[in-house]
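Each chain is listed here by its residues.
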Amino acid sequence: MTDLSRRDLLAGAAGFLGGAALAGLPLAVEGQGGAVPPAPAVPPPRPVAPLDATAMPGAPTAALGARSEYFAPTRIPNGTPVGSSRTPLQDLTGTITPADLHFERHHAGIPTLDPERHTLTIHGLVDHPMSFTVSDIKRFPQITRTYFIECSGNGGAGYRDPKPDTTPQPLAGLFSTSEWTGVPLATLFREVGVQPNATWFLAEGGDSCKLARSIPIAKAWDDAMIVWAQNGEPLRPAQGYPMRLLLPGFEGNSNVKWLRRLELGTKPWMTRWETSKYTDPMPDGTARIFTFEIDAKSVITSPCYPNTITARGWHSVNGLAWSGRGRITRVEVSIDGGATWHDAELLNTPQPKSTVRFQYMWNWQGADAVLLSRATDDAGYVQPTRSAMVAERGAYTDYHYNQIVGWKVDRSGAVTFHGDT
């Protein structure tokens, strides 16, 4: 770790100001969630297995393990440097998202950063401005926690224009959960000596647009982390390698990837990422600003479109629930479009700002049904209907969609999306 001179700080500030010139950047996607992705391509032919696998030797060991040929989940879409790709929630079980399927959202592509040269500078209203290498940060006591990250634009596909052929992936795939390893940000702030009048900090990323967000300093003293590992290995480049900011329960954009600078001050910096973007337009022409926390939310991932229920009898209605304000305490499932509600079973122990897998056993006897889920967190917040959200925030708000959604099952067993709750 290195103490910084005034010249070093001025050079860093000049670099930050230069990063604001984005006129030449091909911004193909507006908002955090971006456009609704296209439907996935037609899958390849089903692999052919031997009739008797016991009659021949199996495959040898390999440098890297591979998924079964019969299970090939992918994110959609892919190939764009500016935009997002979405996690195939309908293909996954449990709560942890494999690192290679964690959703992405980039504003200027994925930078290539050398972990031996990358540093994190902390300056501003501190007693000892310092620059930390990745190795420096790893010397501090580590912690491991499981948290979700959700893009604040997640759910827009089911809010603005609900379509029956929507799957969980475009509906809610800008959401993933991982086990993260790093150091509490409070540890680093104690190291540099935060001055008493500091109330906000600016987090700046190391991508070519130098994405920067203002964060209340209370979050740093609470549960913010600087992380370098995800699900037992170093961060993937798309997730911020070699280090990123993790703000449990806060909207995804504020969890700045490729973190390079933290500046402490007395008020928000009002960057473009918190003025022209990542604000919530309201029907009266105003906008909510700094709406960091993710509200309680749930989504049924099975059954879902394009499934067809082929047999009458018992079926597991299951999915995911999460809240940025605390623990999920209750998930309810309705099979009649919200007329009645039933408590679902929580399949793992709820943790703060993490994800719960829920299940409700449903005895389908061939009748029409509408399956919905509703989450409640330990703050007492109950997930609202779409009509309630439209009444409060209008039909064209841009972020923080957490309306109740579900699936319509007809008498043939065909499943389609139902978002008009």
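Relevant structure appears above.
Because the structure is a prediction, the values reported are computed rather than measured.

Enquirer: For this particular structure, what's the right way to read the pattern of salt bridges?
Expert: Under the counting rule described, the total for this entry stands at 24 salt bridges. Between D398 and R160 there is a salt bridge, with its nearest N and O atoms 2.4 Å apart. Of this pair, D398 sits in the loop between α7 (386-393) and β23 (406-409) while R160 sits in the loop between α3 (156-159) and α4 (168-172); the two residues are 238 residues apart in sequence, bridging distant segments of the chain. A residue is classified by how much of its surface remains accessible, and D398, at 32% relative accessible area, is partly exposed. Judged by its relative accessible area of 37%, R160 is partly exposed. Residues R325 and D295 are paired through a salt bridge, measuring 2.8 Å at the closest nitrogen-oxygen approach.

Enquirer: Explain the nonpolar core to me, please; I cannot follow it from the model alone.
Expert: For soluble globular proteins, nonpolar side chains are generally found buried alongside one another. The biggest cluster of nonpolar side chains holds 40 residues, and the ones touching the most others in it are I122, L185, L188, F201 and I226. Elements with a contribution of two residues or more to this core: β4 (119-124), β5 (130-133), α2 (134-138), α5 (185-192), β8 (200-205), α6 (217-222), β10 (225-230) and β13 (259-265). Looking at this core element by element, the count peaks at four residues for α5. If near-sequence neighbours (up to four positions away) are discounted, I122 is found in contact with P129, M130, F132, L188, F189, V192, L262 and L264. Ranked by size, the runner-up nonpolar core spans 32 residues in total, among them A172, A375, V409 and V415.

Enquirer: Whenever I open this one, the sheet that holds strand β21 (residues 355-364) confuses me. Can you help?
Expert: Through backbone hydrogen bonds, the strands of a sheet pair up, either in parallel or in antiparallel fashion. Spatially, the four strands line up as an open sheet ordered β16-β17-β21-β20, and their pairing is antiparallel. The sheet terminates laterally at β16 (297-302) and β20 (345-346), the two strands that pair on one side only. Looking at chain direction, β20 and β21 are connected through two bridges and run antiparallel. Looking across to β21, one finds that L346 is bridged to F358.

Enquirer: Could you clarify how one ought to interpret the environment of D136 in this entry?
Expert: Residue placement: D136 occurs in helix α2. D136 gets classed as buried once you look at its relative accessible area, which sits at 9%. Once the C-alpha coordinates of D136 and T119 are considered, the two residues, 17 residues apart in sequence, prove to be 9.3 Å apart. Each residue touching D136, except ones within four places of it in the same chain, is listed here: M1 and S131.

Enquirer: Help me out: how do you make sense of the pairing of β8 in this one?
Expert: Strand residues, when the strand is regular, have side chains that alternate between the two faces of the sheet. With six of its six residues buried, β8 lies for the most part within the structure. Residues of β8 alternate between two faces, with W200, L202 and E204 on one and F201, A203 and G205 on the opposite face, all of them buried. Alignment of β8 against strand β9 (residues 212-216), held across five bridges, turns out to be antiparallel. Its bridge partner lying in β9, F201 is registered against I215. The antiparallel pairing of β8 with β9 creates a hairpin that spans six residues between the two strands, and K210 there sits at a positive phi of about 45 degrees.

Enquirer: Can you help me understand the sheet that holds strand β18 (residues 328-334) in this one?
Expert: Read across the sheet, five strands follow the order β19-β18-β22-β23-β24 without closing on themselves; strand pairing throughout is antiparallel. Each edge of the sheet is formed by a strand with only one pairing partner; in this case those strands are β19 (342-343) and β24 (415-418). Sheet analysis places β18 next to β19, joined by two bridges and oriented antiparallel. When the bridges of β19 are listed, E332 appears paired with D343.

Enquirer: Explain the side chain of T355 here, please?
Expert: When you line up the elements, T355 lands in strand β21. A distance of 2.5 Å separates polar atoms of two side chains, one belonging to T355 and the other to T177. Those residues in contact with T355, other than ones at most four positions away along the chain, are T95, F148, F175, T177, L320, A321, W322 and N348.

Conventions used here
- Residues numbered from 1 in each chain as written.
- Predicted model: local features only at pLDDT ≥ 70, side-chain atom pairs only at ≥ 80, totals over all residues.
- Heavy atoms only, no water.
- Salt bridge = Lys/Arg side-chain N within 4 Å of Asp/Glu carboxyl O.
- Helix = DSSP H or I, 4+ residues; strand = E, 2+ residues; numbered from the N terminus.
- Buried < 20%, exposed > 50% of the residue type's maximum accessible area, 1.4 Å probe, protein only.
- Core = buried A, V, L, I, M, F, W, Y, C linked by side-chain atoms within 4.5 Å.
- Contact = heavy atoms within 4.5 Å.
- Pairing = 2+ DSSP bridges.
- Polar contact = N/O pair within 3.5 Å; in protein donor to acceptor, adjacent residues only side chain to side chain.

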